[in-house]
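If you want the building blocks of each chain, they are given just below.
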Amino acid sequence: QALPELPRALRQRLVEQYALPAHDAELLTAGRALADYFEEAVRLDPGFQDARINLAAVLAEMGRPSEALEHLRESLEILPNSGQEYLDLGRVLRSLGRLDEALAAFQEGRRLAPEMPEPYAAIAALVCTNPRASPDMRQEALRLASKAIEMTGSTQAEFLEVGAQARAALGE
């Protein structure tokens, strides 16, 4: 069986076949069409990990984190040593309010991909927003945020913001 029509091809077809304005075609194919595409790809090949990861990302973006979580877990069964997937898993778990699980996922992402700054920053941000975090945990959050900033050359706003949060959590 063939894969479903890609969103870009669908947009072009809507413009050409139905004379829809490009903006309207874009709105019609955003999100849902992408989810449909990756769902069909996963249906055709349940072991197609890239499709699962992309489907999870689209579902999370669409505000469907429980479904995204399911696909991320299945993706991790296929490729259990992916730091990026654990980072994505942590983000989805955080959005579901499952903070302890999110922290564990971020920590596993950092363990598997120590060269990625995102897990360091994610752990720091999670600790900074936890009112039960001890002073030692907050100090560790600052260390992790500083590591993320150092890894990116102090140029990415998201990491600088986490560093500022960590300093504020320590009262600096």
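About the criteria used
- Residues numbered from 1 in each chain as written.
- Predicted model: local features only at pLDDT ≥ 70, side-chain atom pairs only at ≥ 80, totals over all residues.
- Heavy atoms only, no water.
- Salt bridge = Lys/Arg side-chain N within 4 Å of Asp/Glu carboxyl O.
- Helix = DSSP H or I, 4+ residues; strand = E, 2+ residues; numbered from the N terminus.
- Buried < 20%, exposed > 50% of the residue type's maximum accessible area, 1.4 Å probe, protein only.
- Expected span 1.5 Å × (residues − 1).
- Contact = heavy atoms within 4.5 Å.
- Arc of directions from axis to C-beta.
- Axes fitted to C-alpha atoms, helices over the stretch in contact; angles between N-to-C directions.
- Parallel < 35°, antiparallel > 145°, perpendicular 65-115°, else oblique.
- Left-handed = near helix turned anticlockwise from the far one by under 90°.
- Nonpolar A, V, L, I, M, F, W, Y, C, P; charged D, E, K, R; others polar.
- 1 Å grid on protein atoms, 1.4 Å probe; cavity = no way out; pocket = protein on both sides within 12 Å on 5 of 7 lines; lining within 4 Å.
- Points joined across faces, edges and corners; volume = space filled by probe spheres on them.
- Core = buried A, V, L, I, M, F, W, Y, C linked by side-chain atoms within 4.5 Å.

(A) Seen up close, the pattern of salt bridges. Taken as a whole, this structure holds seven salt bridges when the rule is applied. The residue glutamate 101 makes a salt bridge to arginine 73 at a minimum N-O spacing of 3.5 Å. Here glutamate 101, found in helix H7 (residues 99-112), pairs with arginine 73, found in helix H5 (residues 65-78); they are 28 residues apart in sequence, far enough to count as distant. Judged by relative accessible area, which is 35%, glutamate 101 ranks as partly exposed. Between glutamate 140 and arginine 143 there is a salt bridge whose closest N-O contact spans 2.7 Å. Highlighted residues: glutamate 140 and arginine 143, both in helix H9 (residues 135-151), separated by three residues, approximately one helical turn. We classify glutamate 140 as partly exposed; its relative accessible area is 31%.

(B) Focus on helix H6 (residues 83-95). Compared with the 18 Å implied by 1.5 Å per residue over 13 residues, the 19 Å span of H6 between its first and last C-alpha is a close match. Listed in full, the buried residues belonging to H6 are Gly83, Glu85, Tyr86, Leu87, Asp88, Leu89, Gly90, Val92 and Leu93. On the buried face of H6, the contacting elements are helix H4 (49-61), H5, H7 and helix H8 (117-128). Following H6 by one or two positions, glycine 97 adopts a phi angle in the positive range, close to 80 degrees.

(C) Local environment of H9. When the terminal C-alpha atoms of H9 are compared, their 24 Å separation across 17 residues agrees well with the 24 Å that a helix rising 1.5 Å per residue should span. The complete set of buried residues in H9 reads Arg138, Ala141, Leu142, Leu144, Ala145, Ala148 and Ile149. Taken end-on, H9 shows its buried residues confined to a sector of 165 degrees, consistent with a single buried face. Exposed and oriented more than 90 degrees from the buried face of H9 are Asp136 and Glu150. Buried residues along H9 sit in contact with H7, H8 and helix H10 (157-169). Positive phi appears at glycine 153, one or two residues downstream of H9, with a value of about 75 degrees.

(D) A look at the packing of H4 against H5. Relative orientation of the contacting elements H4 and H5 amounts to 160 degrees, with a least axis distance of 8 Å. What the angle tells us is that H4 and H5 run roughly antiparallel. Read as a crossing pair, H4 and H5 show a hand that is left-handed. In this structure, H4 contributes Gln49, Arg52, Ile53, Leu55, Ala56, Leu59 and Ala60 to the contact, and H5 contributes Pro65, Glu67, Ala68, His71, Leu72, Glu74, Ser75 and Ile78. Residue composition of the contact of H4 with H5, by class: nine nonpolar, three polar and three charged.

(E) Layout of the layout of surface pockets. Approximately 200 Å³ is the volume found for the largest pocket. At the level of elements, H7 and H8 are the ones that each hand at least two residues to the lining of the largest pocket. Per element, the largest residue contribution to the lining of the largest pocket is three residues, and it comes from H7. Taken together, the residues that form the lining of the largest pocket break down as six nonpolar, two polar and two charged.

(F) Representation of the environment of glycine 97. Inspection of the secondary structure assignment puts glycine 97 in the loop between H6 and H7. A residue is classified by how much of its surface remains accessible, and glycine 97, at 52% relative accessible area, is exposed. Distance from glycine 97 to glutamate 16, taken between C-alpha atoms, is 44 Å for residues 81 residues apart in sequence.

(G) Region of the structure containing the nonpolar core. Core analysis: the largest hydrophobic core is formed by 43 residues, its most contacted members being Phe38, Leu55, Leu89, Leu93, Phe106, Ala124 and Val162. Counting residues per element, the ones that place at least two in this core are helix H3 (32-44), H4, H5, H6, H7, H8, H9 and H10. Ranked by residues supplied to this core, first place goes to H8 with nine residues. Excluding residues within four positions of it along the chain, leucine 93 makes contact with Leu69, Arg73, Arg98, Glu101, Ala102 and Ala105.

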